[in-house]
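Chain and residue survey
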Amino acid sequence: MNTKAVRLYGKMDLRLEEFELPEIKDDEILAHVISDSLCMSSNKAAQQGENHKRVPDNVGENPVIIGHEFCGEIVKVGADWQHKFKAGDKFVIQPAHNYNGTLDAPGYSYAYCGGDATYVIIPREIMIMDCLLPYNNDVFFYGSLSEPMSCIIGAFHANYHTTAGKYVHDMGVVEGGKMALLASAGPMGIGAIDYAVHCDRRPSLLVVTDVDDGRLARAAELVSPEEAKRMGVELKYINTGKVENPVEELMNASGGEGYNDVFVFAPVAPVVEQADKILAKDGCLNFFAGPTNTEFSASLNFYNVHYKATHIVGTSGGNTDDMREAISMMEQGLINPAGMISHVGGLNSVPETTLNLNKVRAGKMLVYNNINMPMTAIADFEELGRSNKMFADLHEIVKKNNFLWCPEAEKYLLEHAEKI
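Thresholds applied
- Residues numbered from 1 in each chain as written.
- Predicted model: local features only at pLDDT ≥ 70, side-chain atom pairs only at ≥ 80, totals over all residues.
- Heavy atoms only, no water.
- Helix = DSSP H or I, 4+ residues; strand = E, 2+ residues; numbered from the N terminus.
- Rg over C-alpha atoms; globule rule 2.2 N^0.38 Å.
- Buried < 20%, exposed > 50% of the residue type's maximum accessible area, 1.4 Å probe, protein only.
- Contact = heavy atoms within 4.5 Å.
- Areas by Shrake-Rupley, 256 points an atom, 1.4 Å probe, with all protein chains shown as cover.
- Lys, Arg positive; Asp, Glu negative; His and termini not counted.
- Charge placed at Lys NZ, Arg CZ, Asp CG, Glu CD.
- Core = buried A, V, L, I, M, F, W, Y, C linked by side-chain atoms within 4.5 Å.
- Axes fitted to C-alpha atoms, helices over the stretch in contact; angles between N-to-C directions.
- Parallel < 35°, antiparallel > 145°, perpendicular 65-115°, else oblique.
- Left-handed = near helix turned anticlockwise from the far one by under 90°.
- Nonpolar A, V, L, I, M, F, W, Y, C, P; charged D, E, K, R; others polar.
- Arc of directions from axis to C-beta.
- Polar contact = N/O pair within 3.5 Å; in protein donor to acceptor, adjacent residues only side chain to side chain.
- Salt bridge = Lys/Arg side-chain N within 4 Å of Asp/Glu carboxyl O.
- Pairing = 2+ DSSP bridges.
- Phe/Tyr/Trp six-rings, centres within 6.5 Å; stacked < 30°, edge-to-face > 60°.
- Lys NZ or Arg CZ within 6 Å of the ring centre and 35° of its normal.

With that settled, the discussion passes to the overall build of the protein chain. For the protein chain, the helix and strand inventory stands at 14 helices and 19 strands. For a compact globule of 420 residues, the expected C-alpha radius of gyration is about 22 Å, and the protein chain comes in at 22 Å, within 12% of that figure. Buried residues in the protein chain amount to 55% of all 420 residues. Taking the contacts inside the protein chain whose residues are at least 6 apart along the sequence as the reference set, 73% of them involve residues at least 24 apart. Of the accessible surface of the protein chain, which amounts to about 18,200 Å², a share of 49% is contributed by carbon and sulfur atoms. Computed over 36 positive and 56 negative side-chain charges, the inter-centroid distance for the protein chain is 2 Å.

One finds Phe141, Leu206, Trp405 and Leu413 to be the most contacted residues of the largest nonpolar core, which totals 68 residues. At 10 residues, helix α3 (residues 140-158) tops the list of elements feeding residues into this core. Apart from the residues within four sequence positions on either side, Leu206 is in contact with Met179, Leu181, Ile193, Ala196, Val197, Val233, Glu234, Leu235 and Lys236. Phe19, Val33, Val77 and Val120 belong to the second largest nonpolar core, which has 26 residues in total.

Bringing the packing of α3 against helix α10 (residues 320-331) into the picture now. Two elements in contact, α3 and α10, have axes whose closest approach is 7 Å; the angle formed by their N-to-C orientations is 120 degrees. Of the possible angle classes, the one that applies to α3 and α10 is oblique. When you trace α3 past α10, the crossing you get is right-handed. Facing Tyr142, Ser146, Glu147, Met149, Ser150, Ile153, Gly154 and His157 of α3, the residues of α10 in contact are Asp322, Met323, Glu325, Ala326, Ile327 and Met330. The class makeup of the residues in the contact of α3 with α10 is seven nonpolar, four polar and three charged.

Taken together, the buried positions of helix α13 (residues 389-399) are occupied by Met390, Phe391, Leu394, His395, Ile397 and Val398. Take α13 and look down its axis: the buried residues cluster within an arc of 165 degrees, on one side only. On its buried face, α13 is in contact with β19 (376-377), α12 (381-384) and α14 (407-416). Between the side-chain oxygen of the N-cap and the backbone nitrogen of Met390 there are 2.9 Å, and the N-cap of α13 in question is Asn388.

Before going further, it helps to examine the pattern of salt bridges. Applying the stated criterion across every chain yields a total of 23 salt bridges. A salt bridge links Arg324 to Asp321; its shortest N-O distance comes to 3.3 Å. Of the two residues, Arg324 and Asp321 both sit in helix α10, three residues apart, roughly one turn of that helix. For Arg324, a relative accessible area of 34% gives the class partly exposed. Overlapping salt bridges, with partners in common, bring together Lys84, Asp130, Asp321 and Arg324 in one network.

Another point: the pairing of strand β6 (residues 90-93). The two faces of β6 match: Lys90 and Val92 on one face and Phe91 and Ile93 on the other face are all buried. Direction of pairing for strand β5 (residues 70-77) relative to β6: antiparallel, over a ladder of three bridges. From the neighbouring strand, Glu73 faces β6, where its bridge partner is Lys90. Of the pairings in the sheet, the one linking β6 to strand β8 (residues 132-134) comprises three bridges and is antiparallel in character. From the neighbouring strand, Val92 faces β8, where its bridge partner is Leu133.

It is worth spelling out the sheet that holds strand β2 (residues 13-20) at this point. For sheets, the rule is that strands pair by backbone hydrogen bonds, running either parallel or antiparallel. Judged by pairing direction, the sheet is antiparallel, and its three strands sit side by side in the order β2-β1-β4 without closing on themselves. At either end of the open sheet lies a strand with only one pairing partner, and these are β2 and β4 (64-65). Two strands pair when backbone bridges link them, and strand β1 (residues 2-10) and β2 are joined in this way by eight bridges, in the antiparallel orientation. Residue Val6 lies in a different strand from β2, and its bridge partner there is Leu16.

A separate point is the environment of Lys308. Mapped onto the secondary structure, Lys308 falls in the loop between α9 (302-307) and β16 (311-314). Spatially, the C-alpha atoms of Lys308 and Val55 are 40 Å apart, while their sequence positions differ by 253 residues. Ignoring any residue separated from it by four or fewer positions in sequence, one finds Lys308 in contact with Leu279, Ala280, Lys281, Asp282 and Tyr303.

It is worth spelling out the sheet that holds strand β11 (residues 178-182) at this point. Ordered by their spatial adjacency, six strands build an open sheet running β13-β12-β11-β14-β15-β16, and the pairing between neighbours is parallel. A single partner strand is all that each edge strand has here, and the edge strands are β13 (234-239) and β16. Taken over all neighbouring pairs, the strand axes of this sheet differ in orientation by 20 degrees on average, direction set aside. Relative to β13, strand β12 (residues 205-210) is paired through six bridges, and the arrangement is parallel. The partner of Val208 across the bridge, within β13, is Tyr237. The strands that helix α5 (residues 213-222) touches are β12 and β13; relative to β13, the one it contacts most, it runs at about 165 degrees.

Within strand β3 (residues 29-38), 10 of the 10 residues are buried, which leaves the element mostly enclosed by the surrounding structure. With seven bridges joining them, β3 and β5 adopt antiparallel strand pairing. Pairing of Asp36 across the sheet is with Phe70, part of β5. Across four bridges, the pairing between β3 and strand β18 (residues 364-368) is antiparallel. The residue bridging Leu38 from the neighbouring strand is Met365, located in β18.

Per the stated rule, a full pass over the model turns up 10 aromatic pairs. A centroid spacing of 4.4 Å and a plane angle of 40 degrees characterise the contact between Phe141 and Tyr142, whose relative ring orientation is tilted. Per residue, the accessibility class of Phe141 equals that of Tyr142, and both read buried. Seen from their ring centres, Phe156 and Tyr195 are 5.1 Å apart, and the 90 degrees between their planes marks the pair as edge-to-face. You can see Phe156 sitting in helix α3 and its partner Tyr195 sitting in helix α4 (residues 187-198), a full 39 residues away along the chain. With respect to burial, Phe156 and Tyr195 carry one shared label: buried. One aromatic cluster is present, formed by Tyr368, Phe381, Phe391 and Trp405 through successive ring pairs. Over the ring of Tyr108 we find Arg54, and its NZ or CZ is 5.7 Å from the ring centre.

What follows is the structure, given as structure tokens:
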């Protein structure tokens with residue numbers, strides 16, 4: 001069977017190609033990929049090429065398929081897995097399978113498995129590590145967003161606090177505590193706001209910062225202070241770019257006590273240092289944003305580390321349980337990660353979009369792998385619709401849904417867009 005896929009050949013070298021997949025082995029699965037959401041991690045892999053920890057050294061001779069936030073349908077199951085999976089099953093993948101401690105992952109390391117392809121071969125280690133997850137939903141883009149949501153969920157679970165008088169860590173954010181999400185009005189930040197307000201371990205106070213009024217206003221539309229109040233959370237949005245002393249402003253917002261949990265969503269040294277300065281006693285700073293600069297650093301107050309027990313953690317992705325939690329919360333309607341999506345496009349748009357992800361201020365870029373369509377902002381549907389009926393119809397659909405991508409829009413696009 002032929003597949004069309006975006007393959008990485010080295011630094012800043014992505015190519016959309018068509019090639020033949022080999023016949024699957026007894027311990028493999030053939031799958032049809034419907035959607036993938038693009039991740040900044042793919043941009044980092046493209047920038048670093050063979051120097052990336054997950055990308056093979058010989059990627060120039062043996063290119064890999066990029067993309068790791070994908071959802072689709074199983075086409076054919078090898079004999080070893082027919083007791084567990086069947087053709088027609090929908091799936092999502094937890095890419096960080098950690099088989100035998102390896103860093104290999106779909107989207108970085110495999111010649112035949114990645115999110116930006118029409119058909120892929122899922123390798124045995126994904127099933128062995130229970131990372132091929134059933135997805136019981138007809139809406140594919142939610143499945144693609146389960147991976148980025150799992151990264152957020154994993155970060156919340158990775159935070160920890162000490163137990164007085166004991167060398168025991170209490171894992172997770174402080175329930176009923178004070179939380180700050182810094183530089184977090186972007187797509188992942190919006191997902192974190194949604195999760196913080198609707199998860200089962202909510203803070204009593206949630207402060208969200210950014211330096212862009214438009215992004216903050218949109219975040220407040222998607223997760224309003226009124227909705228947060230309904231869930232027992234006091235939610236404040238603050239533009240720290242407009243205040244003379246951001247640390248003082250944030251400390252005042254906390255009642256002068258500081259924050260139990262602080263998450264940093266941008267790899268910017270002043271933001272990290274700001275986070276350090278607003279930690280309460282036993283406060284946990286989670287450096288969520290992954291930098292591309294291997295020498296990235298920031299100053300921390302080690303007096304507070306010693307006497308106030310402040311501490312720092314970092315997470316890179318979630319685990320399988322985190323993804324299951326994301327899927328479950330979406331199925332129950334507790335979270336709606338559609339607010340993360342700002343653009344939609346076809347497989348043809350992936351190379352250029354991925355290479356430029358670090359240059360644009362936008363939300364998640366959603367790809368439908370079996371269509372041909374430029375990466376298009378949802379906000380541009382109305383203007384494009386003046387000369388294109390498909391975009392006009394899509395505008396009317398999202399307009400009814402607070403300008404969010406939605407199941408109806410997905411179904412319409414899959415039916416009407418040009419096939420690749």
